[in-house]
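Chain residues, written in single-letter form:
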Amino acid sequence: MSILSFIISSVAFHAFGQDTLVKLWKGVDGQFQGKQQRPELRVFYPKTKNTGTCMLICPGGSYHHLALKGEGKEVAEWFANQGVTAFVLRYRVGFYGNHYPAMIEDFQRAMQLIRENADFYHINPDRIGAIGFSAGGHLVTHGGILADSRYLKAKGIHCKVSTRPNFVVPVYPVVSMQDSIAHQRSRKNLITKHYSKEQQDALSLELQIPTDMPPVYLVACKDDPVVDYRNSVVLCNALKNKGIKAVFRLFDEGGHGFGVARTKSDETKDWQLKLLEWMKENKFLVEK
């Protein structure tokens, strides 16, 4: 079965312009048949114009659960209203006993299906971004770091396209697994309490930035009560040291978990509009 045939057969298809559902691992032998372990993509098509830009959205939830409404559906609907095709990724999490590398496997599989089927989704395969919130910010940053599809290869999947996004948007992200600034709950769900020093360093993303990392738009708030904003500071410094094109919007007030619609701070109320401007400036969003 071709990838396109797989997509068509696995989508709960409605009229074009309404959202559809894609099971990530359907057709892959032995993968995640249980109801509680259902990695999937929910697709939100542009409401009016279609710019050809696509955004893969990774909600947060400490790698334990997923904030599918405030950091998933609401974000996707907002992007769809801007002419951007949006995919919300329901990736595996610790609540159901899943740990590393389950999450990055789901991310790479999602990127594969999106890019290999760009024509089907009417998107430009060179304008696929990934935005993630909190632990989802860790996931999209990790996805931006990886230049190969090693996690798919380990499952015997031959990937013909890059699974790396063209740009990455971590919002109040988890970044480091180091004791000084790690978000303890995210670390526990990602690599358990029995992690090795090698795992801790490998998933401290500030230590892993390559010289060919895609451009990054980073957002964080100093008053974040959940994830220490210094996660974003060390990420910004690592990007700068590698010469990566990046913007870091650090606010004094804004807190955590605000997505695109729930901020109570005047500072952060238009952060997503500034992101759109950056996307346009860098030709990731081209209005037709």
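Model, not experiment: these values are computed from the prediction.

*Asks:* Can you break down the side chain of histidine 64 residue by residue, with the values?
*Replies:* Along the chain, histidine 64 falls in the loop between strand E3 (54-58) and helix H2 (69-80). At 3.2 Å, the side chain of histidine 64 forms a polar contact with the side chain of arginine 185. Beyond its immediate sequence surroundings of up to four residues, histidine 64 is in contact with Val93, Gly94, Phe95, Arg185 and Asn189.

*Asks:* Describe the nonpolar core, listing the residues and the values that go with them.
*Replies:* The biggest cluster of nonpolar side chains holds 55 residues, and the ones touching the most others in it are Leu41, Leu56, Leu89, Tyr91, Phe107 and Leu139. If one sorts the elements of this core by residue count, helix H3 (residues 102-116) sits on top with eight residues. If sequence neighbours within four positions are ignored, leucine 89 has contacts with Leu24, Glu40, Leu41, Leu56, Ile57, Cys58, Pro59, Leu66, Asp106, Phe107, Ala110 and Leu139. Ranked by size, the runner-up nonpolar core spans 30 residues in total, among them Val75, Ala76, Phe251 and Met279.

*Asks:* With reference to specific residues and values, describe the packing of aromatic side chains.
*Replies:* Considering all chains together, one arrives at 13 aromatic pairs under this definition. Ring geometry for tyrosine 100 against tyrosine 151: centres 6.1 Å apart, planes inclined by 80°, an arrangement best described as edge-to-face. Residue tyrosine 100 is located in the loop between strand E4 (85-90) and H3, and its partner tyrosine 151 is located in helix H6 (residues 150-153); the two are separated by 51 residues in the primary sequence. The buried category is assigned to tyrosine 151, whose relative accessible area is 10%. Both rings, one in phenylalanine 120 and one in tyrosine 121, keep their centres 5.1 Å apart while their planes meet at 80°; by these two values the pair is edge-to-face. A connected cluster of aromatic rings, assembled from ring pairs, spans Tyr45, Phe87, Phe120 and Tyr121. Directly above the aromatic system of tryptophan 25 lies the positively charged group of lysine 155, at a separation of 5.8 Å from the ring centroid.

Analysis parameters
- Residues numbered from 1 in each chain as written.
- Predicted model: local features only at pLDDT ≥ 70, side-chain atom pairs only at ≥ 80, totals over all residues.
- Heavy atoms only, no water.
- Helix = DSSP H or I, 4+ residues; strand = E, 2+ residues; numbered from the N terminus.
- Polar contact = N/O pair within 3.5 Å; in protein donor to acceptor, adjacent residues only side chain to side chain.
- Contact = heavy atoms within 4.5 Å.
- Core = buried A, V, L, I, M, F, W, Y, C linked by side-chain atoms within 4.5 Å.
- Buried < 20%, exposed > 50% of the residue type's maximum accessible area, 1.4 Å probe, protein only.
- Phe/Tyr/Trp six-rings, centres within 6.5 Å; stacked < 30°, edge-to-face > 60°.
- Lys NZ or Arg CZ within 6 Å of the ring centre and 35° of its normal.

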